[in-house]
Amino acid sequence: MADLNYLAQFLEDDSVFESVPDGSVVLVETSLDLIKHVAPLIISKLGVRFGFVLLLTDKSFVDVARDYKSNNIVKENLSVIDCVAKKEGKPLMKDTHHIDLSGLGDLETMFAAVFEELEGFSGRKFLCIDSLNELIISNGAVNMAKLLHIVLTQLRTRRIGCLMLSVQDSLVDTVRADVIQLFDKVIHF
Amino acid sequence: MCVMDQKTIEQELLRVVHSHEHGAIIMAELPEENYLDATSASVKTLLDDGFEGVYISFQRPFDNLKSIFLRKDIDINKLLVIDVASALAKQSKVLHDRCIHIDNKLDINELVRAIYISLPKLISIKKFVFIDSISTISLHKPLSETLRFSEFLIRTIKKTPLSGSTFLIFNVASGLSQKKFIRDIALRVEETIRE
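To keep things clear, this report deals only with the structure shown in the data block. Being a predicted model, the structure only gives us computed values, none of them experimental. Once a new chain begins, its residue numbering starts again from 1 and follows that chain's sequence as written. As they are written, the chains are lettered A onward and the ligands numbered 1 onward, keeping that order. It should be noted that, the model being predicted, local features are given only for residues of pLDDT at least 70 and side-chain atom pairs only at 80 or more, the latter also being counted only at that level, while totals for whole chains, interfaces and linings use all residues. Side-chain metrics rest on all non-hydrogen atoms present in the structure, leaving aside hydrogens and water.

## Focus: the sheet that holds strand E3 (residues 78-82) of chain A
All names here are of chain A. In this description, strands pair whenever DSSP reports at least two bridges between them. Going along the chain from the N terminus, every DSSP run of H or I of four or more residues is numbered as a helix, and every run of E of two or more is numbered as a strand. Here we have seven strands laid out as an open sheet, ordered E4-E3-E2-E5-E6-E1-E7, and parallel in their pairing. Either end of the sheet is taken by a strand with one partner, and the two such strands are strand E4 (98-100) and strand E7 (185-188). For this sheet, the mean inter-axis angle between neighbouring strands, taken without regard to orientation, is 15°. Alignment of strand E1 (residues 25-30) against strand E6 (residues 161-167), held across six bridges, turns out to be parallel. Paired with Val26 across the strands is Leu163, a residue of E6. Across the sheet, helix H3 (residues 32-46) touches E1, strand E2 (51-56), E3, strand E5 (125-129) and E6, and the angle it forms with E6 is around 165°. Contacts are assigned to residue pairs with any non-hydrogen atoms lying within 4.5 Å of each other. Lines fitted to C-alpha atoms define the axes, with helix axes restricted to the stretch in contact, and inter-axis angles between N-to-C directions lie between 0 and 180 degrees. The strands that helix H8 (residues 141-157) touches are E1, E5 and E6; relative to E6, the one it contacts most, it runs at about 150°.

## Quick word on the sheet that holds strand E7 (residues 191-193) of chain B
All names here are of chain B. An order of E4-E3-E2-E5-E6-E1-E7 is seen for the seven strands of this open sheet, with the pairing classed as parallel. In this open sheet, the two strands that pair with only one neighbour each are strand E4 (99-101) and E7. The average angle at which neighbouring strand axes cross in this sheet is 20°, direction not considered. Here six bridges tie strand E5 (residues 126-131) to strand E6 (residues 165-173), and the two strands are oriented parallel to one another. Bridging from a neighbouring strand, Ile131 pairs with Phe170 of E6. With respect to the sheet, helix H7 (residues 143-159) is in contact with strand E1 (25-30), E5 and E6, its orientation differing from that of E6 by roughly 160°.

## Looking at the nonpolar core
By size, the foremost hydrophobic cluster in this structure holds 68 residues, and its most contacted members are Ile56, Ile82, Leu111, Phe128, Ile131, Phe149 and Phe170 of chain B. Ignoring any residue separated from it by four or fewer positions in sequence, one finds Phe170 of chain B in contact with Ile25, Ile26, Met27, Ala28, Ile131, Ile134, Ser150, Ile154, Ile185 and Val189 of chain B. Counting residues in each nonpolar core, the second largest holds 39 residues, with Phe121, Leu127, Leu152 and Leu182 of chain A among its members. Buried residues of nine kinds, namely Ala, Val, Leu, Ile, Met, Phe, Trp, Tyr and Cys, make up a nonpolar core once their side-chain atoms join them within 4.5 Å. Between buried and exposed lies partly exposed: a residue is buried under 20% and exposed over 50% of the maximum accessible area for its type, with that area taken using a 1.4 Å probe on protein chains only.

## Concerning the packing of helix H5 (residues 108-118) of chain B against H7 of chain B
Residue and element names in this part refer to chain B. The geometry of H5 relative to H7 is characterised by a closest axis approach of 10 Å and an angle of 30° between their N-to-C directions. Viewed along their axes, H5 and H7 adopt a mutual orientation that is roughly parallel. For the pair H5 and H7, the sense of crossing is right-handed. In contact with Ile108, Asn109, Leu111, Val112, Ile115 and Tyr116 of H5, H7 contributes Glu145, Arg148, Phe149, Phe152, Leu153 and Thr156. Each angle is binned into one of four classes, with values under 35 degrees roughly parallel, values over 145 roughly antiparallel, values of 65 to 115 roughly perpendicular, and all other values oblique. For a crossing to be left-handed, the near helix must be turned anticlockwise from the far one by less than a right angle; the clockwise case is right-handed.

If you want it as structure tokens, here you go:
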């Protein structure tokens, strides 16, 4: 798991997430095989340092929780917005602060919930979205790129850091170019 | 698509601005993977060469840009920033003497007027207008409006009676350079910086 070690190191890098007053907006592109390990790793590394909102668009929280059980999660800092469990009929989590939405189609409600949850935390805050691909598939590339630009501007205005995950080689080149130029940093592993 | 590395883009930018005594319209195709670094490096290169500029920030709100430029040792006092991103996202407007806000409706005529009014406020005889991403405005405006913006701006810069040289720089992610509306704008520029 050398690649995951690299990401873990990156997430601990002070110059990326600590000394940047405005928060950084980072896109992580990884393989389909590795992506399931990434959300738990991010929660374990960043959840202890920030008021942390996790927007789940690909996997339900039950599935993610199974992967991060071995990590030290400070759940007091964690708020989960799960857009998958209801849609897929998965069990809803009880022991973590969470909101269950019924799908990915209502972006306005989704991001209103995200910002409401972020506002609920004091101190430094962070948003993680587990799959940019799912948002684009569900809402169309043009709609999503436009909304993404607005959301990133809102995050930057509020100095909230953000990390989004995307599966490598899964986006059409022009869609990818439209989207990734908006990020502060793109990392691959 | 393979794009020249950042050092080469900066060198190429300097070559172009030094070869046009009275200014020129330029399109810079930048690698989308490190777009922020590329645009910042271009601005720094121009400021270090004695330029002052009007920076049209479609991508980022002013405060975020200011913070990034501070870290990259870019002198914000040599820039006037038109904060379009905050207008597009309907965000609160930060008061700063280097920041110019526009109305949330984002009227193209108002935007070009803001650029036109800002240029004479720059002291240096070497000036630039820097569009951070022409494709980002197209996310929010119809392509016809995006093209009208670029056309209107090109005409305004060419007809503005300023002493010295004024360069208009359209930046675009290299992966989008073959989109039709980008190609249409590229037809109107005098120099394209790319591989």
